[in-house]
Amino acid sequence: MERFVRVQVPSLAPKKSVPIWILAFLTKKTFLIFGNIMYIFFIVIIIIALIGVKAKNPFSSELYTDNFSLKKSNALKGIFVLIILISHATHSDGMYNFDASLFDKLYTVVDKNVIGQSSVVSFFFFSGYGIMYSIEKKGKEYVKSMPTKRCLKLAVHFGLFCAIFLAVCYIISAIKKLRFTDVFDITWFISATWYIFAILVLYLITYFAFKLLSKHTHSVLTVLIVTVAAIVIAYFILYEYWYDTIIIYSLGLLFKLYESRIFSFLQKKNRYIFALCISLVIQASVTFLYYMHFRLFILLEIKHISFLITLLLITYKVTFDNVILQFSGKHLFSIYVLQRIPMLVMDNIGFKQYPYLYVIITVVVTVVLCVLFDYCTGKLDKILFTRDRINKENV
């Protein structure tokens, strides 16, 4: 078997002064022994996550007490939004063959089967946890502000993104002399932004539950029951990824209610390591059963919940914190939606034959766009959602 493949890019190749190994790296036709080595971006995320990491003895009773603070939760969310960013970029249709080498196969197994849709688990959990934290701290006043502070603000930001995305689609269609619908697929667009619609619905359910009921436990249970009912309905009319992780939001609310009791339980001798081992065994067993034998929805739900439990248990002993993760977690929304813009542009100018360059440009452009986008929305929020205006609207 040949160890290398010849690379030919006559129409897009730069000047001869550029070394051939650079072309080999940037194009799909690269070193055969390594396949497409797109998994290297996943390894980069792991390295980034390990920068500044701190850990405690897993067999001791000592646990981190600030593992769910805004700073630590942003860092954790930052890891998963980076995974989603790379996953979306590397899974673009027609990019390359994911089974080109053993390394690519391992990457695909981890990305699709082990993590997969569970990558949004931390987003739902910390959204629910943060809502419950704010309600416990600020009471009914925060609940009254939710339609404006949470729902309307998110809708405005998403609407602004939609306007930008549609403008880019129009420009591309005009330049390439295509029909607008050839560039903009409404079905794909809604599917690609499903998380925004899901979290908006969950915010509204939470608002009505806490508005109508006085006890927090009753409100949280109501959110949980309504969410389960929504999952049952969605099971028959929507794709699985629309609803298979939304139960985690309710668990975030519930966890915050009983956080102190859970912490005390885990501090007792050997309970932490026992809980972690059980969670890992369940996670591994259910993942194997679901992807190898039984494609049951209940197994998928158990997989997501066990993934969450494992993740939370790890945060009691391991803390992640660095500038890159903080930035990614803080700009989660903008990174999640704006990544689609550079992908859309490159899909329409033939960049898929340069998979590595495709991913790198996607990351760089997304970061630039999210900084500009969040700067503009920050200014807009000060105009639309100041405290005085919110208070007046809720009188």
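Structure: see above.
Below, the structure is looked at part by part. The residue numbering used here restarts from 1 in each chain and proceeds along that chain's sequence as written. Thresholds applied to this predicted model are a pLDDT of at least 70 for local features of residues and 80 or more for the giving and counting of side-chain atom pairs; totals over whole chains, interfaces and linings are not thresholded and use all residues. Water and hydrogen atoms were dropped before computing side-chain values, which therefore reflect all heavy atoms in the structure.

With that settled, consider the overall build of the protein. Starting at the N terminus, helices and strands are each numbered in turn, a helix being any DSSP run of H or I of at least four residues and a strand any DSSP run of E of at least two. Counting its secondary structure elements, the protein contains 19 helices and 2 strands. Burial classification: accessible surface area is computed with a 1.4 Å probe over protein chains only, and a residue below 20% of its type maximum counts as buried, one above 50% as exposed, and the rest as partly exposed. For the protein, with 395 residues in total, the buried portion stands at 46%. Contacts are assigned to residue pairs that have any heavy atoms within 4.5 Å of one another. Considering only intrachain contacts with a sequence separation of at least 6, the fraction spanning at least 24 residues in the protein is 79%. Only the protein chains shown count as covering a residue, and every accessible area follows the Shrake-Rupley method with a 1.4 Å probe. About 20900 Å² of surface is accessible on the protein, with carbon and sulfur atoms providing 69% of the total.

As a further point, take the nonpolar core. Nonpolar cores are built from buried Ala, Val, Leu, Ile, Met, Phe, Trp, Tyr and Cys residues. Side-chain atoms within 4.5 Å join them into one set. Among the nonpolar cores identified, the biggest contains 102 residues, and Phe124, Phe125, Phe161 and Tyr249 are the most heavily contacted of them. Filtering out sequence-adjacent residues up to four positions away, Tyr249 remains in contact with Phe124, Ser127, Gly128, Ile131, Ile199, Leu202, Tyr203, Thr206 and Val223.

Turning our attention to the packing of aromatic side chains. Side-chain rings of Phe, Tyr and Trp, where Trp is taken by its six-membered ring, are said to pair if the distance between their centres is within 6.5 Å; with planes under 30 degrees apart they count as stacked, over 60 as edge-to-face, and otherwise as tilted. All chains considered together, the criterion is met by 36 aromatic pairs. Taken together, a centroid distance of 5.2 Å and an interplanar angle of 80° make the contact between Phe125 and Phe126 edge-to-face. The pair Phe125 / Phe126 is uniform in exposure class, with both members buried. The interplanar angle of 25° and the centroid separation of 6.1 Å between the aromatic rings of Phe165 and Trp188 together place this pair among those described as stacked. Placement of Phe165 in helix α6 (residues 140–175) and of Trp188 in helix α8 (residues 186–192) is noted, with a sequence separation of 23 residues between them. A relative accessible area of 35% means that Trp188 is categorised as partly exposed. Taken together, the ring pairs in this structure connect Phe158, Phe161, Phe165, Phe180, Phe184, Trp188, Phe189, Phe197 and Trp242 into an aromatic cluster. Above the plane of the ring of Tyr64 lies Lys56, whose end atom (NZ or CZ) is 4.4 Å from the centre. The criterion is that NZ of a Lys, or CZ of an Arg, lies within 6 Å of the ring centre and within 35 degrees of the ring normal, and then a charge sits over that ring. The cationic tip of Lys72 hangs over the ring face of Tyr64; the distance from NZ or CZ to the ring centre is 5.9 Å.

So, about the pattern of salt bridges. Just to be clear on terms, a salt bridge is a Lys or Arg side-chain nitrogen sitting within 4 Å of an Asp or Glu carboxyl oxygen. As enumerated under the stated definition, the model contains 7 salt bridges in all. Between Glu141 and Lys144 there is a salt bridge, with the nearest N and O atoms lying 3.8 Å from each other. In this pair, Glu141 and Lys144 both sit in helix α6, 3 residues apart, roughly one turn of the helix. The class for Glu141 is exposed, based on a relative accessible area of 52%. According to the relative accessible area criterion, Lys144 is partly exposed, its value standing at 32%.

Glancing now at the side chain of His157. Position of His157 relative to the elements: it lies in helix α6. Polar side-chain contacts of His157 include one of 2.9 Å to the side chain of Asp381. Those residues within four positions of His157 in sequence are excluded, and the remaining contacts are Phe333, Phe373, Thr377 and Asp381. Polar contacts, as used here, are pairs of N or O atoms within 3.5 Å; protein pairs need one atom able to donate a hydrogen and one able to accept it. Residues neighboring in sequence count only if both atoms are side-chain atoms.

The next subject is a nonpolar patch on the surface. Taken together, the side chains of Phe274, Ile278, Ile282, Phe288, Leu289, Met292, Phe294, Leu296, Ile298 and Ile302 make up a nonpolar region of the molecular surface, amounting to roughly 950 Å² of accessible area. Among the elements that line the nonpolar patch, the one with the most residues is helix α13 (residues 271–292), at 6 residues. Positionally, Leu296 belongs in the loop between α13 and α14 (297–315). Any residue with relative accessible area above 30% and no salt bridge may belong to a patch, with like charges joined within 9 Å and the nonpolar Val, Leu, Ile, Met, Phe, Trp and Tyr side chains within 5 Å.

Okay, empty space enclosed by the protein next. Cavity means a closed set of points on a 1 Å grid over the protein atoms alone, one where a 1.4 Å probe fits but cannot get out, pocket means an open set with protein on both sides within 12 Å along at least 5 of 7 lines, and lining means a residue has an atom within 4 Å of a point. Grid points are joined across faces, edges and corners, and a volume is the space filled by probe spheres set on the points. Counting across every chain of the model gives 2 cavities of 30 Å³ or more. Of the pockets and cavities examined, the largest cavity occupies roughly 60 Å³. The wall of the largest cavity is formed by Asn67, Lys72, Leu76, Thr315, Val318, Thr319 and Phe320. Of all elements in the fold, only α3 (70–90) and β2 (318–319) reach the threshold of two or more residues within the lining of the largest cavity. Think of it as three bins: nonpolar holds Ala, Val, Leu, Ile, Met, Phe, Trp, Tyr, Cys and Pro, charged holds Asp, Glu, Lys and Arg, and polar takes everything else, Gly as well. When its residues are assigned to classes, the lining of the largest cavity shows 3 nonpolar, 3 polar and 1 charged.

As far as function goes, none of this settles anything; it's purely spatial.
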